[in-house]
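Summary of structural features
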Amino acid sequence: MVIKEIMNSVTDFFNEHVAPVHKITSVELTEDEGWKLQVEVIEEKEYMKKYAKDEMLGTYDVILNKDKEVTSFKRWDIRYRSAIGQEM
């Protein structure tokens, strides 16, 4: 149940401040009892549709503290949605 709360917290944050979450691809408990997630969002959806381009997916690292509050996020990748994802 805790992971569901974490995912909901990140989804709410991204919906309000960044862009709607397309997919959460990982959830990990950190050593200091916080959380690290990887989140994919569709970037500039309307612009891409207007010019008949493939949607762009942004991949973000998100850090939450032990109170389940987002303390930082960083986009580390952006790619066409149809492109094959990179191995980590």
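Predicted model only: the values in this text are computed from it and were never measured.

Here we come to the pattern of salt bridges. As enumerated under the stated definition, the model contains 3 salt bridges in all. Close ionic contact of R79 with E40 constitutes a salt bridge, the shortest N to O distance being 3.5 Å. With a gap of 39 residues between them, R79 in strand β4 (residues 70-80) and E40 in strand β2 (residues 35-43) connect regions that are remote in the sequence. Note on accessibility: R79 and E40 belong to one class, buried. The residue R75 makes a salt bridge to E43 at a minimum N-O spacing of 3.6 Å. One end of the pair, R75, is in strand β4; the other, E43, is in strand β2, with 32 residues separating them in the sequence. A residue is classified by how much of its surface remains accessible, and R75, at 42% relative accessible area, is partly exposed. You can call E43 buried: its relative accessible area is 12%.

One open sheet accounts for 4 strands, arranged β1-β2-β3-β4; its pairing is antiparallel. Among the strands making up the open sheet, the edge pair consists of β1 (21-29) and β4. Strand after strand, the sheet turns through a mean of 20° between neighbouring axes, direction not considered. Pairing analysis gives 9 bridges linking strand β3 (residues 56-64) to β4, with the strands arranged antiparallel. Bridged to T59 within β4 is D77.

Analysis parameters
- Residues numbered from 1 in each chain as written.
- Predicted model: local features only at pLDDT ≥ 70, side-chain atom pairs only at ≥ 80, totals over all residues.
- Heavy atoms only, no water.
- Salt bridge = Lys/Arg side-chain N within 4 Å of Asp/Glu carboxyl O.
- Helix = DSSP H or I, 4+ residues; strand = E, 2+ residues; numbered from the N terminus.
- Buried < 20%, exposed > 50% of the residue type's maximum accessible area, 1.4 Å probe, protein only.
- Pairing = 2+ DSSP bridges.
- Axes fitted to C-alpha atoms, helices over the stretch in contact; angles between N-to-C directions.

So yeah, pure geometry; function would need other evidence.
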